[in-house]
Amino acid sequence: MINRLWNSLLDLVYPPRCYSCGKAGTQFCPTCLAECIPLTPPQRPQPLAADSPLERALGIYPFQGSLRAAIHAFKYQNAHPLAQILAPLLFDFCAWQNVVLMPVPLHGVRKRERGYNQAELLARNLAKAWQLPLSTDLQRVRATEHQVGQQAQARANNVAGAFEWRGQQPAPSHVLLIDDVLTTGSTFEACASALIAAGSTAVEGLALAKAIIKPASPLDSPE
Ligand SMILES: [Zn+2]
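The rules we used
- Every residue gets a number counted from 1 within its own chain, in the order that chain's sequence is written.
- Local features are withheld for residues below a pLDDT of 70 in this predicted model, meaning they are given only at 70 or higher, and side-chain atom pairs are given and counted only at 80 or more; totals for whole chains, interfaces and linings count all residues.
- The basis for every side-chain value is the complete set of heavy atoms in the structure, and neither hydrogens nor water enter the calculation.
- UniProt positions are given in the numbering used here, feature names are shortened, and annotations may be inferred rather than shown by experiment.
- Confidence of the predictor at the level of single residues is captured by pLDDT, which takes values from 0 to 100.
- Here a residue-residue contact requires only that any non-hydrogen atoms of the pair lie within 4.5 Å.
- Any N, O or S atom lying within 2.8 Å of the metal counts as a donor, and for Na, K and Ca the limit rises to 3.2 Å; water is left out, so some sites can look incomplete.
- Sites are called tetrahedral only when four donors show all angles between 85 and 135 degrees, square planar or octahedral only when four or six donors show opposite pairs over 155 degrees and all other angles between 65 and 115, and irregular in any remaining case.
- Categorising residues by exposure relies on relative accessible area from a 1.4 Å probe, with only protein chains included: less than 20% of the type maximum marks a residue as buried, more than 50% marks it as exposed, and the intermediate range marks it as partly exposed.
- Two rings belonging to Phe, Tyr or Trp (six-membered ring only in the last case) form a pair when the distance between their centres is within 6.5 Å. Interplanar angles under 30 degrees mark stacking, angles over 60 mark edge-to-face geometry, and anything in between is tilted.
- Under the DSSP-based scheme used, a helix requires at least four consecutive residues in state H or I and a strand at least two consecutive residues in state E, with every element numbered from the N terminus.
- Counting rule for charge: Lys and Arg are taken as positive, Asp and Glu as negative, and neither His nor the chain ends is counted.
- Any carboxyl oxygen of Asp or Glu within 4 Å of a side-chain nitrogen of Lys or Arg constitutes a salt bridge here.
- Polar contact is defined as a pair of N or O atoms within 3.5 Å, subject to the rule that within protein one atom must be able to donate a hydrogen and the other to accept it, and that residues adjacent in sequence are counted only when both atoms are side-chain atoms.
- Lines are fitted to the C-alpha atoms to define the axes, a helix being fitted only along its stretch in contact, and any angle between axes, read from their N-to-C directions, falls within 0 to 180 degrees.
- Geometric relationships in this document are graded by angle, where less than 35 degrees denotes roughly parallel, more than 145 denotes roughly antiparallel, 65 to 115 denotes roughly perpendicular, and other angles denote oblique.
- Throughout, a crossing is termed right-handed when the near helix is turned clockwise from the far one, and left-handed when it is turned anticlockwise from it by less than a right angle.
- For this classification, Asp, Glu, Lys and Arg are treated as charged, while Ala, Val, Leu, Ile, Met, Phe, Trp, Tyr, Cys and Pro are nonpolar and the rest, including Gly, are polar.

An unreviewed UniProt entry lists the protein under the name ComF family protein, with Herpetosiphon gulosus given as the organism. In its Sequence similarities (unreviewed entry) section, the UniProt entry covering the protein states "Belongs to the ComF/GntX family."

1. Remarks on the confidence of the model for the protein
For the protein, per-residue confidence averages 90 on the pLDDT scale, and 90% of positions sit at 70 or higher. Confidence drops under a pLDDT of 50 for residues 217-223, and excluding neighbours within four residues, the segment shows 9 contacts in the predicted structure.

2. Quick word on the coordination of the zinc ion
Coordination sphere of the zinc ion, protein contribution only: Cys18 (SG), Cys21 (SG), Cys29 (SG) and Cys32 (SG), at 2.3 Å. Each of the 4 donor atoms around the zinc ion contributes to a set of angles spanning 104 to 120°, which defines the coordination as tetrahedral. Overall, cysteine 29 belongs to the buried group, its relative accessible area being 1%.

3. Remarks on the packing of aromatic side chains
The description of an aromatic ring pair uses the distance of the two centres, along with the angle that the planes make with each other. Overall, the coordinates contain 2 aromatic pairs when judged by the stated rule. Judged by centre distance (6.4 Å) and plane angle (55°), the ring pair of tyrosine 61 and phenylalanine 93 falls under tilted. Of the two residues, tyrosine 61 is situated in strand E1 (residues 56-62) and phenylalanine 93 in the loop between helix H4 (83-91) and strand E2 (100-103); the sequence distance between them amounts to 32 residues. Residue phenylalanine 93 is classed as partly exposed on the basis of its relative accessible area of 34%. Between tryptophan 96 and tryptophan 130, the ring centres sit 5.9 Å apart and the planes meet at 40°, which makes this aromatic pair tilted. Taken as a pair, tryptophan 96 in the loop between H4 and E2 and tryptophan 130 in helix H6 (residues 118-130) lie far apart in primary sequence, 34 residues in all.

4. What about the side chain of arginine 140?
Tracing the backbone through its elements, the reader meets arginine 140 in strand E3 (residues 138-140). The side chain of arginine 140 is buried and forms no salt bridge, while aspartate 179, the nearest opposite charge, is found at 6.1 Å. Looking at arginine 140, its side chain comes within polar contact range of the main-chain oxygen of proline 105, at 2.8 Å. Ignoring anything within four residues of it in the chain, the contact list for arginine 140 reads Val104, Pro105, Leu106, His107, Val159, Ala162, Phe163 and Thr187.

5. What about the packing of H4 against H6?
Viewed as axis vectors pointing N to C, H4 and H6 meet at an angle of 55°, and their least axial separation amounts to 9 Å. Taken as axis vectors, H4 and H6 run oblique relative to one another. The element H4 and its partner H6 pack so that their crossing is right-handed. Of H6, the residues touching H4 (which contributes Ala83, Gln84, Leu86, Ala87, Leu90 and Phe91) are Leu121, Leu122, Asn125, Leu126, Ala129 and Trp130. Partitioned by chemical class, the residues of the contact of H4 with H6 number 10 nonpolar, 2 polar and no charged.

See below:
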């Protein structure tokens, strides 16, 4: 109650502004929200290697424009209330059944620095909307470098072995991993490897946005 009053007071003194266009009133305004158009199906799933531990990895919206600005604020500017605005972009668009939701975990140190895990906030909203169970027993046991700007192989090496299932054995059979941004899929794959080693049989990944990383050289195929 005190918190709510305090927040209302803060809103009066510092009215929220759209993290994308700066318009006063809300953290992500309806105009910027309306700019988020889902990718069409051929672009939505990430192509995966034949031996990938993942069934599939989907990113629903292009990681650009207003959504990119909002996700950046959501991650790095303490804009955790954006979860309430961003999660419906997923749960109004698609639905899953018979899976356990798991956010891609942050390492404990990074979570303490940030104060929250943005993927977990999204996953909690999705679990509520879809009435599905959520588990946070998948943990990041090794801190990893920031992946921004890294190429595919470097990303895969960076996250390999970084995750461990710390819940009851076996891990849930069908898992839907949740993250804010899908780039190469290497983070989802490292999570899936840990889950399959712990007994999961099918692991999918769902991200709010899908980023395109540029190939390392003109000889590499574009992603
Ligand atoms: Zn706006």
